[in-house]
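Below, each chain spelled out in residue letters.
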Amino acid sequence: MSSMNSTLRKLEALATERKFAPLPDASTPEVDAVCEALGAGKMRAVARTPGNDLYSHLIECEFNRELRARFLIRFDLRVFVVLPYVMNGRLWELATGHAKLQALCAPLVSRLLERKFEQITFAEAMGPLAKDAMLEQGFIDNTVLGYFFESL
């Protein structure tokens, strides 16, 4: 990743330092405050703590029956990624370029940025880390998303 930003460089250095051993987010009471802030709009927000192959806190925001977003947040590292979804027939599809969803998520992203979190995009999150080292640790993919947020 030659055009890697400073946040991604910091994450890659941390992963390398830990030899790509699994690194789940620590439990924190801050998740309640963030969930409350995200739920202050006209959507339903539900928070889930890390578990199984989820290494970050997950806050699911439902805007309506057809639009939702998943905020994958690392409180320990102060980073997050937004996964917007749109209903297509009976299936939820990832919709990273959906203008209406971006507009709906913008105030929530601003709230996280105000709380000193850094955002990485989905495209950045799908960038590779060290393939062999991650696979040796039991990961099924070698992405930033797979190591820091959720193993796909």
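Structural notes, computed from the coordinates. Values in this document were obtained by computation on a predicted structure and should not be read as measured data. The residue count restarts for each chain, going from 1 along the sequence in the order it is written. Owing to the predicted nature of the model, reporting of local features is limited to residues with pLDDT of at least 70; listing and counting of side-chain atom pairs is limited to 80 or more, with chain, interface and lining totals taken over all residues. With hydrogens and water set aside, each side-chain value is computed from the structure's full complement of heavy atoms.

Some points on the side chain of Thr143
Turning to step 1, where the next piece is worked out: The topology assignment puts Thr143 in the loop between α5 (131–136) and α6 (144–149).
Turning to step 2, where the next piece is worked out: Thr143 sits in the buried class, given a relative accessible area of 7%.
Turning to step 3, where the next piece is worked out: Contact criterion: two residues are considered in contact whenever any of their non-hydrogen atoms come within 4.5 Å of each other. The residues contacting Thr143, other than those within four sequence positions of it, are Ala125, Met126, Gly127, Pro128, Leu129 and Met134. By the criteria applied, helices consist of DSSP H or I runs no shorter than four residues and strands consist of E runs no shorter than two, each listed in order from the N terminus. Only protein chains enter the area calculation, which uses a 1.4 Å probe; residues under 20% of their type maximum are buried, those over 50% are exposed, and those in between are partly exposed.

Quick look at the pattern of salt bridges
Turning to step 1, where the next piece is worked out: In what follows, salt bridge is the name for a side-chain nitrogen of Lys or Arg lying within 4 Å of a carboxyl oxygen of Asp or Glu. In this structure the tally under the stated criterion is eight salt bridges.
Turning to step 2, where the next piece is worked out: Among the ionic pairs, Glu30 bridges to Arg78, the shortest N-O distance being 2.7 Å. Of this pair, Glu30 sits in helix α2 (residues 30–38) while Arg78 sits in the loop between β3 (67–74) and β4 (79–88), and the two are 48 residues apart along the sequence.
Turning to step 3, where the next piece is worked out: Across the pair Arg70 and Glu60 runs a salt bridge, and its minimum N-O distance is 4.0 Å. Remark: Glu60 occurs in strand β2 (residues 57–62) and Arg70 occurs in strand β3; sequence separation between them is ten residues.
Turning to step 4, where the next piece is worked out: Judged by relative accessible area, Arg70 falls into the buried class, the value being 19%.
Turning to step 5, where the next piece is worked out: Residues participating in the shared-partner salt-bridge network are Arg48, Glu60, Arg70 and Glu150.

A few points about the nonpolar core
Turning to step 1, where the next piece is worked out: Membership of the largest hydrophobic core comes to 24 residues, with the highest contact counts inside it found for Tyr147 and Phe148.
Turning to step 2, where the next piece is worked out: Looking at this core, the elements with two or more residues in it are α1 (6–17), β4 and α6.
Turning to step 3, where the next piece is worked out: Contacts of Tyr147, omitting those with residues within four sequence positions, involve Ala15, Arg18, Phe20, Ala21, Leu23, Tyr55, Leu129, Met134 and Phe139.
Turning to step 4, where the next piece is worked out: Within this scheme, the nonpolar core is defined by two criteria: the residues are buried Ala, Val, Leu, Ile, Met, Phe, Trp, Tyr or Cys, and they are joined through side-chain atoms within 4.5 Å. Grouped together as the second largest cluster of nonpolar side chains are 21 residues, Val31, Cys35, Ala95 and Leu101 included.

This is a description of form; function is not addressed.
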